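Observations on the three-dimensional arrangement
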Amino acid sequence: MARDLALLAPEIAVVLTAVGALLFEMLRLPKVALPFTIVGLLVATGLTVPLLGTETTAFSGTFRIDALGEWAKLVLLPATILSVVLAYPEVKNTEREGTVYVLFSLTALGALVLAGAGDVMFLVLGVLLSSIGSFALVAYPADDRATEGAMKFFVFGSVTLAVMVFGLTYWFGATGSTLLSDLGRLGAVPLAAAFGLVAVLVGLGYKASLVPFHFWAPDAYEGAPVSVAAFLSIVPKVGAVFAIAQLSRDLPAETGWPLAVAALAVLSMTYGNLAALVQENVVRLLAYSSIAQSGYFLLGVVALGESGLAVRSLVVFAAAYAAMNLGAFAIVLLAGRTLRDFAGLGRSRPAAGAAMVVFLISLVGIPPLGGFVGKLLLFGAAIDAGFIWLAVVGILNSVVSLAVYLRIVVPMYGQAKEKPDSPVPVAAVWVTALTFTLGIGLAAQVLLGQVT
Amino acid sequence: MSAPAALLAGALRPRYAAPVGAAFAALAVLATVRGWSAGGGTVDVPWAPTYDLRFTVELDGLAVLYALLATGIGCAVLVYSSHYLPLHLEHEGRPESEGTSFYFFILLFMGSMVGLAMAQDLILLFVFWDLTAIASYYLIGFDRHEEDSRASALMALLVTGITAVFLLIGALMLYAAHGTFSIPELTRLTEPGPLLAVAGGLIAVAGLAKSAQVPFHFWLPRAMAAPTPVSAYLHSAAMVAAGVLLIGRVYPLIQKSDLLLDALLVVGLASMAVGGVLALTRDVLKQLLAYSTVSQYGYVVFMYGLGGKYGAAGAAFYVIAHALSKSALFLTAGAVTEATGEDRLSRLGGMRKPLPMLALASGLAAAGLAALPLTIGFFKDELFFGAALERGPVFSALTVLGAALTFAYIWRFWSGIFLGAPRDGACGVPVALVAPVVALGALVLVGGVFVGPFAELAVAAGTVSYDAPAVVEPAYHLDARPENLMALAAYALGVLIVVSRPVWSGAAMGVSRLGEVAGPERLYDLTVRGLNRFSDFVHRAEVRDLRSRVAAILLPAGILVGVGFLVTPTEGAYRVGEVRAQDAPLILALLSVAVASLTTTITRRHVTLALVLSSAGFVLALVYAFFGAPDVALVAVLVETILTLVFVATLKLVPRKVLHRQAGLPTERPRRKVFFSVIAGAFAFAVVWGTLSQPAAERSVADEHLRLTPEAHAKDAVTAILADFRGLDTLGEISVVALVLLAVATLLNAGRLR
């Protein structure tokens, strides 16, 4: 028991952070809740470092402490911290400022539970935890757009969760166990296996906003505060993708999961990029782009078990994706939500403009930035696993995505408008994100050496 | 060797003033020459060695040639633009400060071009390749307030960018087969075969598109929307040259496949013909030069296609000679337009009077392109003919025809500007606009007399491409050898074409018109527009009401399950059981659930809907009781009761008017909704049937739990499971409930942000 609890130290730290922040909020001290959350999450990140390299499970196999779970903490907790910092200028001096930070922590906890899930109950739990907090975060501004987005998000989330639980009961019925490691027994019952797989892909696909379960994402992102949109596009998504990876490792190949996942990857990449091409609202554009990026993630999932690169590629891309996407959203918070707001940004705020260009071309996957290294590894893993066609589709999509992101870059160097304000927290977030985007690209070898 | 690299790194930094830029370019030229005389060198820095990513550059023959072109002509162009650009911006009514980005991008382009020339690794090559594409996008679209200029820039970017992906795919194919991206190593490892042909072909397509070869040629004339110095640089010495540079770089691979060589021959010939004929029809100066570039690079590709040492070295020499002449001609066009304000041949003439130096210098350049003796161009044609002679009379005839076409359109260009009756309104142009042309013209002449150094460069470059010593010795021979005869024939034919202009002009215009109607440019337009329309359609399809979103979950899920069925064997999976008498109450209960569910689809009143739903729930609880699970049934009854109460209470809160209006709304697209539900229902039915037909799984977990319950000091299994076996889950569920409460509390009192 004690050993199990020690292994869960980072998660426990996150829970305590949330509880502590909530206490400060109850004492009407939101100004303390914010630094407390940041420090608490930093401590949780720090507690993860000694776990690196451990490959074990806790609580009789229901929770996994492995490379995916550990790196999810190392990537997602800092991303949560940055989102919280980003949220501060947006929600400060509102009625429930402190609870926003609490919701961030708890939603991140849901993502961590997903990333380390070793049991189907944890999949359900993770989706629940990461969804409920997100509904409230999206609805927080309490205006029409936010309410509409949150409502759609809520209905969509509830239905997909119901479908997922329904399908998981078939797996339980067929294998007599809720452990993911027992999924190997599914080979004998193909029908239940297939239905359960579909249901799980629906539930986790909704969380990772994969096409065709992505419909909530653009509306929710558009209605939510920018910091929440940034958070939603990274933390729950990466958690869900890692959960799909945890699950796929144990599924017998005869269920056909690699093909199903590959099909979702193609759909997500292509659809996300094509839909992003016509968006006028930068938040919606980034929403579709993040849908496409989840498709790239799946390239690494498909290669699991076939290629030694798969886990590394997922981790490296997750780190790069978190940095560059967070950075892009931070600049959106600085500049404004429509393409028109970006006109002349490169002239009025040259540093922020240059940073935005870096984030966007890193999203395309141009060397030597983090996005390139991540994508290269993903494509390499897919090719290794014999999915050359999938890698080719991915590369072609990267080309289309260049056109998507250029739509933001081009007006940035047009006629300058008035100079937008640049609050210190926002600047701090994009500078950090920029450092990581560049660092992951240039020091790829160091990072790769750490991931086992 | 590190000197040029370091200097170029310096040049990459945004140096805003033209003189500084030019100085950097000049320094880079010197550094390259010094690096070359020191015997070349290699820089090899590992980047992510585990995955064979390294930064390898080497200053070999090919690299020196293109690096010298890029920096040398770049230097001339920078001097030219230091005076041209302020004038240009003044015409456009833009502040002078906007010129700074021009210098930045042109230096960025120069730097990446040198990097491209020296790269020995396919991935590194790809990186620099994309950098040149991006820099060119900004340079071509420099006049960004003009719609046409932006569209042209995007076209150039898309054509060269999309084909760049072919380069990457080809590189990945070679890597998958041989485990390296390094070109010299690949040369050693590859064997002729389909893999090499496909991979090499893909790489060659990238090169051909960048060199504006048929059928990718259409972006080049459009790119003439760029300011003149950009055209002079990108479209004579840099961007288009990058394409043949790539072909020269991977030529050791390409020449192993006869199929690819033949393909190069065909593409080269087609480009020579299309470019040459269209150049004869164009009136706008820069358009004429653009098509001439298409045709001239057609020669280069043709020579690579011919192969052999003459092919490889000749192609390299041709690139030098062409770049010198063509950039001079572009700069001439810019200067003339600057002096007169006219950019059409039909409105120009007699410029030799006001601009004698320019006339002389550009005359030299034109003579170089037309391959007259005493210019460097003569040798380019000598090698060209020599390469063709190795392959037989048909090719020789074709080359003569091509050279004649060149002669004709260059004469048209030069005589159109400088000869004929003088026009009014011409003013002088600054020295800085003429000096670079004079310098380039002088180089053309010097090359025609002392061909040695140029030939040496070409031989070195050709040796790299040919992967064996490619020694050729261009020289003047005053005898009746075939090359000389062919040159004479070309001049004669060229004069004939010029003289017989009325005879063929109609036909040439026809070809040009045909290209506009059915050419690849139209295809490009259609593709781009189609893609946009599809994207719009997808967007519209998505913005619909909430119910269609729910359908959007059920339908794909249903389809996925259906696909799952098709791929899994279902034989024996479906069994029809027997109905026994004691099952009658169960069937009755299930039937009433079905009736209740159907009723929900027709009722319009909200309260009825809530009640019907809850009645279905209560009957299901009854079904649990039948199956011997009274505790589950009890929980279900409790949950249903609470839910019904909450439902009714919520409805009470909503104003009656709103409910009434909602109930009165017609159902949108009812048929479609029925279709969706039938699909989702059918697949759910199939799944349930299939699962129930399976024998029940062994009850391993349940038995285990029952066995362990006493050990956990619990009185019943449920408690033991909740508090002990699945304690962590329970904790998680508790936090979920807490989170829900927190979320609700937050929302009840949320802050307005905007």
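All of these numbers come straight from a predicted model, not from anything done at the bench.

Some points on the overall build of chain B
- Scanning chain B from terminus to terminus reveals 32 helices and two strands.
- When burial is assessed residue by residue, chain B has 51% of its 754 residues classed as buried.
- In chain B, the proportion of contacts linking residues at least 24 apart, taken out of those at least 6 apart, comes to 79%.
- Accessible surface for chain B amounts to roughly 33900 Å². Of this, 69% is attributable to carbon and sulfur atoms.

Quick look at the packing of helix 12 (residues 282-302) of chain A against helix 17 (residues 388-412) of chain A
All names here are of chain A.
- Look at helix 12 against helix 17: their axes get within 11 Å of each other, and the N-to-C directions meet at 160 degrees. On the basis of the axis angle, helix 12 is roughly antiparallel to helix 17. As helix 12 packs across helix 17, the resulting crossing turns out to be left-handed. In this structure, helix 12 contributes Val-282, Leu-285, Ser-289, Gln-293, Tyr-296, Leu-299 and Val-302 to the contact, and helix 17 contributes Leu-390, Ala-391, Gly-394, Asn-397, Ser-398, Ser-401, Val-404, Tyr-405, Arg-407 and Ile-408.
- The residue inventory of the contact of helix 12 with helix 17, partitioned by class, reads ten nonpolar, six polar and one charged.

Description of the interface of chain A and chain B
- The interface of chain A with chain B comprises 93 residues on the first partner and 72 residues on the second.
- Both faces combined, the contact of chain A with chain B buries some 7200 Å², and carbon together with sulfur accounts for 74% of it.
- Run the count over chain A and chain B and you get zero residue pairs in polar contact (both at pLDDT 80 or more).
- Per-element tally for the side of chain A that touches chain B: the top contributor is helix 7 (residues 144-175) of chain A, with eleven residues.

So, unusual backbone geometry
All names here are of chain A.
- The linkage connecting Val-211 with the following residue, Pro-212, adopts the cis geometry, with an omega of 5 degrees.
- Locating Pro-212 in the fold gives a position in the loop between helix 8 (190-207) and helix 9 (216-223).
- Despite not being glycine, Arg-28 has its phi angle at roughly 60 degrees, a positive value.
- Assignment of secondary structure puts Arg-28 in the loop between helix 2 (9-26) and helix 3 (30-48).
- Given a relative accessible area of 52%, Arg-28 falls into the exposed group.

Here we look at a nonpolar patch on the surface
- Taken together, the side chains of B:Leu374, B:Leu443, B:Leu445, B:Val446, B:Val449, B:Phe450 and B:Tyr476 define a hydrophobic patch exposed on the protein surface, amounting to about 620 Å² of accessible area.
- Judged by its relative accessible area of 45%, B:Val449 is partly exposed.

Section: empty space enclosed by the protein
- Evaluated as defined, the whole model comprises five cavities of 30 Å³ or more.
- Surrounding the largest cavity, 26 residues form its lining, A:Gly365, A:Ser398, A:Val399, B:Phe126 and B:Asp130 being those nearest its centre.
- Contributing elements (two or more residues each) for the lining of the largest cavity: helix 16 (370-384) and helix 17 of chain A together with helix 5 (122-140) and helix 6 (147-178) of chain B.
- In terms of residue count, helix 6 of chain B provides more of the lining of the largest cavity than any other element does, eight residues in total.
- In the lining of the largest cavity, the residues fall into 21 nonpolar, three polar and two charged.

Some remarks on the packing of aromatic side chains
- As enumerated under the stated definition, the model contains 32 aromatic pairs over all chains in all.
- Seen from their ring centres, A:Tyr170 and A:Phe195 are 5.1 Å apart, and the 85 degrees between their planes marks the pair as edge-to-face. Of this pair, A:Tyr170 sits in helix 7 while A:Phe195 sits in helix 8, and the two are 25 residues apart along the sequence. For the pair formed by A:Tyr170 and A:Phe195, the shared burial category is buried.
- The ring of B:Trp129 has B:Lys210 lying over it, and the distance from NZ or CZ to the ring centre is 4.6 Å.

Thoughts on the packing of helix 15 (residues 308-340) of chain B against helix 17 (residues 376-389) of chain B
Residues and elements named next belong to chain B.
- Close contact between helix 15 and helix 17 brings their axes to 9 Å; oriented N to C, the two are set at 155 degrees. By the criterion of interaxial angle, the relationship of helix 15 to helix 17 is roughly antiparallel. In the packing of helix 15 onto helix 17, the handedness of the crossing is left-handed. Only Ile-376, Phe-379, Lys-380, Asp-381, Leu-383, Phe-384, Gly-386 and Ala-387 of helix 17 make contact with helix 15, whose side of the interface consists of Tyr-310, Gly-311, Gly-314, Phe-317, Tyr-318, Ala-321 and Leu-324.

Each value, and the rule that gives it
Residues numbered from 1 in each chain as written. Chains lettered and ligands numbered in written order. Predicted model: local features only at pLDDT ≥ 70, side-chain atom pairs only at ≥ 80, totals over all residues. Heavy atoms only, no water. Helix = DSSP H or I, 4+ residues; strand = E, 2+ residues; numbered from the N terminus. Buried < 20%, exposed > 50% of the residue type's maximum accessible area, 1.4 Å probe, protein only. Contact = heavy atoms within 4.5 Å. Areas by Shrake-Rupley, 256 points an atom, 1.4 Å probe, with all protein chains shown as cover. Axes fitted to C-alpha atoms, helices over the stretch in contact; angles between N-to-C directions. Parallel < 35°, antiparallel > 145°, perpendicular 65-115°, else oblique. Left-handed = near helix turned anticlockwise from the far one by under 90°. Nonpolar A, V, L, I, M, F, W, Y, C, P; charged D, E, K, R; others polar. Buried area = accessible area lost by both parts, 1.4 Å probe. Polar contact = N/O pair within 3.5 Å; in protein donor to acceptor, adjacent residues only side chain to side chain. Patch = residues over 30% accessible without salt bridge, like charges linked within 9 Å, V, L, I, M, F, W, Y side chains within 5 Å. Salt bridge = Lys/Arg side-chain N within 4 Å of Asp/Glu carboxyl O. 1 Å grid on protein atoms, 1.4 Å probe; cavity = no way out; pocket = protein on both sides within 12 Å on 5 of 7 lines; lining within 4 Å. Points joined across faces, edges and corners; volume = space filled by probe spheres on them. Phe/Tyr/Trp six-rings, centres within 6.5 Å; stacked < 30°, edge-to-face > 60°. Lys NZ or Arg CZ within 6 Å of the ring centre and 35° of its normal.

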